[in-house]
Every structure is written in structure tokens, then in C-alpha cells.
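Structure assessment
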Amino acid sequence: MTVTVPGTASTTHAPAAPPLALRGLSVAYAEEPAVWDVSFEVPAASLTAIIGPNGAGKSTLLKAALGLVPRLAGEALFFGAPLAKVRRRVAYVPQRTSVDWDFPASALDVVTMGLYGRLGWLRRPGRRERAQALACLERVGMADFAGRQISELSGGQQQRVFLARALAQEADLTFMDEPFAGVDAVTERAIVDVLRELRGQGRSVVVVHHDLDTVRDYFDRVALLNVSLVAAGPTEVAFTPANLRAAYGERHGALAAALAGGGR
């Protein structure tokens, strides 16, 4: 109960909406469910891993939340609003294999594209914007490659360039689809350092992840998915042998739990 003294304003404020709230999200392809009735929230200042077996719908869940694939049912709210109203606050780093790396652009050009949401497409980036983009490349250890064509970069370098582009957007919520797939150890450490930096700034990151052995080290929250949601919450609560068996099936679940250090 809130009591307001006459002549004064109430100091009670409604809690801030979470960066992401999924409500009954469902996707089907050719009448086969790919994601079914998924609901969970992502709080502020968090790193969330979406994990599950191949074909579980992990990437589809991200794309459906962002409106990149049609939803059969449900909704995704970002900071309490539809994506269209808060698009500048949300960034997306797709799977590296889904990007046309032959597009004629330098690493600096790609990162500068992350600033277009604030500039508008009719205004060309100037010296200030390119300096901001270069600073983002510096944060991921790629400043020396700013003028290099993206097709000339290694897989790990390309992934770091896309991470720098997301940094340039200064988003409060970032989606990343398998950012560690096929990258070297140096790149993986660089990505993890940036993710922790973002969390320290109060921002949130949602990552489709496949390496169960690093979940506890990298993420403070997990969502286990196998078409339907198995569990979601803080890592120490949701990332359990029982939930891994439920997500991966009894046959593969024991192995998944072992790989994840389930006995710890």
C-alpha cells in the first residue's frame, strides 16, 4: 500500500520492465513446431545463454523475438514495448555463416554501419562517427585491421568486427547467435571480456551457445530449450543435470551433464 501525504508526490515507482520478456512465443515450419509456447524474461545487467540440442530452435527463438521469422503465436516485449518502439536499444550479431563476407566493405565500414540507427540513412557518417567506430574496433583488438576488407579477415577476426559493430550501436540489449563457433581462443577471450564489460555497464546480452563446459564460467543465466522451454533462470538454479537430461534426452543428457560438470 502506498500512502501519499497531501501536498506531496508519491515516491513509489513502478519497477522497470525487463530488457526482454517472451510470452508464449511459438514458431512452426510446414506445420512442424520449431519453438513452442516459450515464456521467460531476461533481466537488466545479465548474460544469458540459450542452450539445447541441435534442432532445438535456439536460433529460431532469437529470430522470432526480433521479427526476422514469422511467429505463430505469442509476443516479445523489449523494455516493456514492441521492438519497433525501442529498436535503437537492441542489437543483433547473426551467425557468421549467414553473412555475405564478399560484400565490398572494410572492417571500419562495417562497424560504422552500426551508427546508422542514430544518424539516419540520409546523413553520412563524418569524422566523429568514424572515430567512434575505430574506438569500438580498438575494444575488440581489431584497430590495426580497420582498413582491411572483411573478406580478407579470418573467421575470428570477422566475428570481432561484428561485435564491434554491435558495440557502436550502444544497445542496452544485444543478441548474439553462436559467437564462439569456429573462433580461436584469443577471439573467444576477447568476446567474453566485452560481454562482461557490457554487463558491468548495466546492459544485457542473450547468446545462443553450444559449449556446455563454459556455461558456468561465462553466463549468469541460462534458458534450456528443446522446442519447448525446459528451464530458465540463474545458472546455479537452472543449469542442473536433471534439466540437461530433460533438454537433451535421457540418452544424451548424461553426457551433456558430464560435459557441463554436472557433478560439481
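See above for the structure.
Read on for an overview of the structure. Predicted model, so just to flag it, every value in this text is computed and none were measured.

Rules and cut-offs
- Residues numbered from 1 in each chain as written.
- Predicted model: local features only at pLDDT ≥ 70, side-chain atom pairs only at ≥ 80, totals over all residues.
- Heavy atoms only, no water.
- Helix = DSSP H or I, 4+ residues; strand = E, 2+ residues; numbered from the N terminus.
- Buried < 20%, exposed > 50% of the residue type's maximum accessible area, 1.4 Å probe, protein only.
- Contact = heavy atoms within 4.5 Å.
- Areas by Shrake-Rupley, 256 points an atom, 1.4 Å probe, with all protein chains shown as cover.
- Pairing = 2+ DSSP bridges.
- Right-handed = clockwise from strand over helix to strand, strands pointing away.
- Axes fitted to C-alpha atoms, helices over the stretch in contact; angles between N-to-C directions.
- Polar contact = N/O pair within 3.5 Å; in protein donor to acceptor, adjacent residues only side chain to side chain.
- Parallel < 35°, antiparallel > 145°, perpendicular 65-115°, else oblique.
- Left-handed = near helix turned anticlockwise from the far one by under 90°.
- Salt bridge = Lys/Arg side-chain N within 4 Å of Asp/Glu carboxyl O.

Looking only at helices and strands, the protein chain has nine helices and nine strands in total. For the protein chain, with 264 residues in total, the buried portion stands at 49%. Put simply, 66% of the contacts in the protein chain that link residues at least 6 apart link residues at least 24 apart. In the structure as shown, the protein chain presents an accessible area of about 13,300 Å², 52% of it carried by carbon and sulfur atoms.

For the rest of this paragraph, the subject is the pairing of strand 3 (residues 47–51). For a regular strand, the rule is simple: side chains alternate between the two faces of the sheet. Extensive coverage of strand 3 is indicated by the burial of five of its five residues. Alternating residues of strand 3 divide into L47, A49 and I51 and T48 and I50, and every residue in both groups is buried. Taken together, the four bridges between strand 3 and strand 7 (residues 204–208) define a ladder with parallel strand orientation. Bridged to A49 within strand 7 is V207. As paired strands, strand 3 and strand 8 (residues 221–226) are joined by four bridges and run parallel to one another. Bridge pairing in strand 8 links T48 to R221.

At A30, a residue that is not glycine, the phi angle is positive and equals roughly 50°. Here A30 is to be found in the loop between strand 1 (20–29) and strand 2 (32–42). A30 sits in the exposed class, given a relative accessible area of 77%. Notably, E178 is not glycine yet its phi reads approximately 55°, a positive angle.

In terms of residue burial, strand 7 counts as a mostly covered element, since five of its five residues are buried. What you see with strand 7 is no split at all: S204, V206 and V208 on one side and V205 and V207 on the other are buried throughout. As a crossover connection, the stretch from strand 6 (residues 173–177) through helix 6 (residues 185–200) into strand 7 is right-handed.

Let us look at the sheet that holds strand 7. For sheets, the rule is that strands pair by backbone hydrogen bonds, running either parallel or antiparallel. Overall, mixed pairing links the six strands, which are arranged 5-6-7-3-8-9 in an open sheet. Each edge of the sheet is formed by a strand with only one pairing partner; in this case those strands are strand 5 (90–93) and strand 9 (228–234). Direction aside, the axes of adjacent strands within the sheet are offset by 15° on average. As paired elements, strand 5 and strand 6 share four bridges and run parallel to each other.

With that settled, consider the side chain of T112. Mapped onto the elements of the fold, T112 is located in helix 2 (residues 107–112). Looking at T112, its side chain comes within polar contact range of the main-chain oxygen of L108, at 2.7 Å.

Before going further, it helps to examine the packing of helix 4 (residues 127–139) against helix 5 (residues 155–169). Look at helix 4 against helix 5: their axes get within 8 Å of each other, and the N-to-C directions meet at 130°. When the axes of helix 4 and helix 5 are compared, the pair comes out oblique. In the crossing of helix 4 with helix 5, the sense of the turn from one axis to the other is right-handed. Contacts from C136, L137 and R139 of helix 4 reach helix 5 at V161, A164, L167 and A168.

Enumeration over the complete set of coordinates arrives at six salt bridges. Across the pair R139 and E197 runs a salt bridge, and its minimum N-O distance is 2.8 Å. With R139 in helix 4 and E197 in helix 6, this pair connects stretches of sequence that are 58 residues apart. What makes R139 partly exposed here is its relative accessible area of 35%. For E197, a relative accessible area of 34% puts it in the partly exposed group. In this structure, the salt-bridge partner of R199 is D220, at a minimum N-O distance of 2.7 Å. A residue pair is termed long-range when its members are at least 10 positions apart, and R199 in helix 6 and D220 in the loop between helix 7 (215–218) and strand 8 qualify at 21 residues. Overlapping salt bridges, with partners in common, bring together R89, D172 and R203 in one network.

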